[in-house]
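Structural overview
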Amino acid sequence: MTTKPLRFGLAGTGYWAQATHAPALAATEGVEFAAVWGRNPRAAADLAGAYQVTAHHDVSAFLAGIDAVSFAVPPDVQAAIATQAAREGKHLLLEKPVALTGAAADALVEAVERAGVASVVFFTQRFSPDVRAWLAEVAARGGWTGGVSAWLGSALRESNPFNTPWRRDQGGLWDVGPHLISLLWASLGPVTSVTADAGPADVTHLVLHHRGGATSTITVTLSAAEAAAGVDAYVWGESGRLAAPLGSVDRVAALSTAVAELAANARAGQTRHPCDVWFGRDVGRVLAEAQRQIDARRAACLSA
Ligand SMILES: NC(=O)c1ccc[n+]([C@@H]2O[C@H](COP(=O)([O-])OP(=O)(O)OC[C@H]3O[C@@H](n4cnc5c(N)ncnc54)[C@H](OP(=O)(O)O)[C@@H]3O)[C@@H](O)[C@H]2O)c1
């Protein structure tokens, strides 16, 4: 096992890369923030300059100088570069959703499997100490009948920094849906089926069945009024309700934890993590099945 710092490169130069990935990489013990890649050379140079690391426009040159990649690019862009990076033996700090199609997610998983690299998907809340304590209490108490959750976001409002092209295309199901699926999966057990329907203005409702018998619901949107915005989740059962502490997650600290756990796994030759690429693919399968049902319902309405 080596104790040399793992050299991380950051793929992406947008708001999320600047506000969360770059500061987390710079702050994490035992890793070296070494490089930035972006399709816009000026943005890459600016972000790299702020941290005195190397800027890249060419993906192969970027990958050649690092041991691990932290991604802050749209999911389809991430899946393609991450697959190349895994084939070149780089460890992966992925964003949710890991990809936008089952084929892209499968190709990524296959590349990770073959290369034996470590992977962690940043389901933000899963790296919060408060949420981890909540999950431990959920597990200790047991006896849960179900879960209820809603993420009413306003990212598609004009001035919001998350009003980005891929979110406008994919909506809340693919952006914030992964966070709630991941949380309910961890608290109530693996998801065995999903039923989905859509409301107006990017509203999506999911009903999940979990192995062991519990059921849960998720409502997501990115176009809620600011006054209605917020996130809530609780599990309920014989011992009452237990609400997840989702209000105060420190995103830079949570990402730093994810980076440190990825680095520890990479050093130990450990490829599995509760939020690894296999889990990311499983969450993606729930999203894809939900999207399929919503699209089929819309097509049936149009042809009626
Ligand atoms: N875990 C969380 O809590 C959380 C929170 C926020 C975001 N995220 C994730 O972070 C990722 C990035 O989100 P975002 O809002 O920052 O996305 P974004 O603004 O759409 O993209 C950010 C970066 O990707 C680049 N980019 C966009 N399209 C590209 C393309 N076709 N080819 C190459 N580069 C491209 C942008 O370059 P330009 O500047 O040149 O356009 C920018 O550098 C997503 O996976 C999102 O889910 C996660």
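Attention here is on the structure that accompanies the text. In this text, all values refer to a predicted model and were calculated from it rather than measured experimentally.

A closer look at the overall build of the protein chain
Within the protein chain, the secondary structure is distributed over 10 helices and 12 strands. The C-alpha radius of gyration of the protein chain comes to 19 Å, within 12% of the 19 Å expected for a compact globule of 304 residues. Across its three principal directions, the C-alpha atoms of the protein chain cover 50 × 45 × 40 Å. The buried share among the 304 residues of the protein chain stands at 51%. Put simply, 70% of the contacts in the protein chain that link residues at least 6 apart link residues at least 24 apart. Accessible surface computed for the protein chain: about 13,300 Å², of which carbon and sulfur atoms make up 52%. Separation of charge centres in the protein chain, based on 24 positive and 27 negative side chains, amounts to 2 Å.

Concerning the pairing of strand E1 (residues 6-11)
Counting buried residues along E1, five of its six residues qualify, which places the element largely inside the surrounding structure. Across six bridges, E1 lies against strand E2 (residues 31-37) in parallel orientation. From the neighbouring strand, Leu-10 faces E2, where its bridge partner is Val-36. Chirality of the crossover, the property in question, places the unit of E1, helix H1 (residues 15-27) and E2 among those that are right-handed. Bridge analysis of E1 against strand E4 (residues 68-71) gives four bridges, and the strand direction is parallel. The residue bridging Gly-9 from the neighbouring strand is Val-69, located in E4.

Here's the deal with the side chain of Lys-90
Residue placement: Lys-90 occurs in the loop between helix H4 (75-87) and strand E5 (91-94). Buried and unpaired, Lys-90 has no salt bridge, with Glu-88 as the nearest side chain of opposite charge at 5.6 Å. There is a polar contact of 3.0 Å between the side chain of Lys-90 and the backbone oxygen of Ile-66. When near neighbours in sequence (up to four residues on either side) are disregarded, Lys-90 contacts Leu-63, Ala-64, Ile-66, Asp-67, Ala-68, Val-69, Ala-85 and Val-117.

Observations concerning empty space enclosed by the protein
Where empty space is left in the structure can be found by rolling a water-sized probe over the atoms. Tallied over the full model, the rule gives one cavity of 30 Å³ or more. Around the largest cavity, the lining residues are Lys-96, Pro-97, Val-98, Val-121, Phe-123, Pro-178, Gly-280, Val-283, Gly-284 and Leu-287. Among the residues forming the lining of the largest cavity, the class breakdown is seven nonpolar, two polar and one charged.

Regarding the site of the ligand
Near the ligand lie 20 residues; those nearest to it are Thr-13, Arg-39, Lys-96, Thr-124 and Arg-167. Between an oxygen atom of the ligand and a main-chain N or O atom of Val-73, the distance comes to 3.4 Å. A distance of 2.6 Å separates an oxygen atom of the ligand from a polar atom in the side chain of Thr-124. Alone, the ligand offers 920 Å² of accessible surface; in the complex the protein occludes 81% of this.

Description of the packing of aromatic side chains
Tallied over the full model, the rule gives six aromatic pairs. Ring centres of Phe-122 and Phe-127 lie 5.9 Å apart, and the angle between their planes is 40°; this geometry places the pair in the tilted category. Take Phe-122: its relative accessible area is 0%, and that puts it in the buried class. Aromatic side chains Trp-185 and Phe-279 sit 5.3 Å apart centroid to centroid with 90° between the ring planes, which places their arrangement in the edge-to-face category. You can see Trp-185 sitting in helix H8 (residues 177-188) and its partner Phe-279 sitting in helix H10 (residues 277-303), a full 94 residues away along the chain. Considered together, Trp-185 and Phe-279 belong to a single accessibility category, that of buried residues. Grouped by ring-pair contacts, the aromatic residues Tyr-15, Trp-16 and Phe-162 constitute a single cluster. We note Arg-241 situated over the ring of Tyr-234; from NZ or CZ to the ring centre the distance is 4.3 Å. Sitting above the plane of the Trp-278 ring, Arg-272 keeps its charged end 4.0 Å from the centroid.

Notes on the sheet that holds E4
Read from one edge of the open sheet, six strands run E3-E2-E1-E4-E5-E6, paired in parallel fashion. Whereas interior strands pair on both sides, the edge strands pair on one side only; in this sheet they are strand E3 (54-56) and strand E6 (119-121). Strand after strand, the sheet turns through a mean of 20° between neighbouring axes, direction not considered. Note that E2 and E3 share three bridges and pair parallel. Within the sheet, the bridge partner assigned to Trp-37 lies in E3 and is His-56. Across the face of the sheet, H1 comes into contact with E1, E2, E4 and E5 while running at roughly 175° to E1. Lying over the sheet, H4 contacts E2, E4 and E5, oriented at roughly 160° with respect to E5.

The rules we used
- For every chain, the first residue of the written sequence is number 1, and numbering continues from 1 along that sequence.
- For this predicted model, a pLDDT threshold of at least 70 governs which residues receive local features, and a threshold of 80 or more governs which side-chain atom pairs are given and counted, while totals over whole chains, interfaces and linings are taken from all residues.
- To obtain the side-chain values, all non-hydrogen atoms of the structure were used and water was disregarded.
- Secondary structure elements follow DSSP: runs of H or I of four or more residues count as helices, runs of E of two or more count as strands, with numbering from the N terminus.
- The reference for a compact globule is 2.2 Å times residues^0.38; the radius of gyration itself is calculated from the C-alpha atoms.
- Buried residues are those whose accessible area, probed at 1.4 Å on protein chains only, stays under 20% of the maximum for their type, while exposed residues exceed 50% and partly exposed ones sit between those limits.
- Whether two residues are in contact is decided by their heavy atoms: any pair within 4.5 Å suffices.
- To be clear on the numbers: accessible area is Shrake-Rupley with a 1.4 Å probe, and residue cover counts the displayed protein chains and nothing else.
- Neither His nor the chain termini are counted; the positive set is Lys and Arg, and the negative set is Asp and Glu.
- Just so you know, the charge point we use is NZ for Lys, CZ for Arg, CG for Asp and CD for Glu.
- Here, a strand pair is defined by DSSP locating no fewer than two bridges between the strands.
- Handedness of a crossover is defined as follows: with both strands directed away from the viewer, a clockwise route from the first strand across the helix to the second makes it right-handed.
- By definition, a salt bridge exists where a carboxyl oxygen of Asp or Glu is found within 4 Å of a side-chain nitrogen of Lys or Arg.
- Whenever a nitrogen or oxygen atom comes within 3.5 Å of another N or O atom, the pair is scored as a polar contact, on the condition that within protein one atom can donate a hydrogen and the other can accept it, and that pairs from neighbouring residues in sequence are kept only if both atoms are in side chains.
- Cavities and pockets are found on a 1 Å grid laid over the protein atoms alone: a cavity is a set of points where a 1.4 Å probe fits but cannot escape, a pocket is an open set with protein on both sides within 12 Å along at least five of seven lines, and a lining residue has an atom within 4 Å of such a point.
- Grid points are joined across faces, edges and corners, and a volume is the space filled by probe spheres set on the points.
- Classes in brief: Ala, Val, Leu, Ile, Met, Phe, Trp, Tyr, Cys and Pro nonpolar; Asp, Glu, Lys and Arg charged; the others, Gly included, polar.
- Distances are taken per atom, and a residue is near a molecule or strand as soon as one of its heavy atoms is within 4 Å of it.
- Within 6.5 Å between ring centres, the rings of Phe, Tyr and Trp (the latter by its six-membered ring) count as paired, and their orientation is classed by plane angle as stacked under 30 degrees, edge-to-face over 60, tilted in between.
- As a reminder, the over-ring test applies to NZ of lysine and CZ of arginine, requiring each to be within 6 Å of the ring centre and within 35 degrees of the ring normal.
- Here an angle of 0 to 180 degrees is reported between the N-to-C directions of two axes, which are lines fitted to C-alpha atoms, with helices fitted over the stretch in contact.

All quantities given are derived from atomic positions and should not be read as evidence of function.
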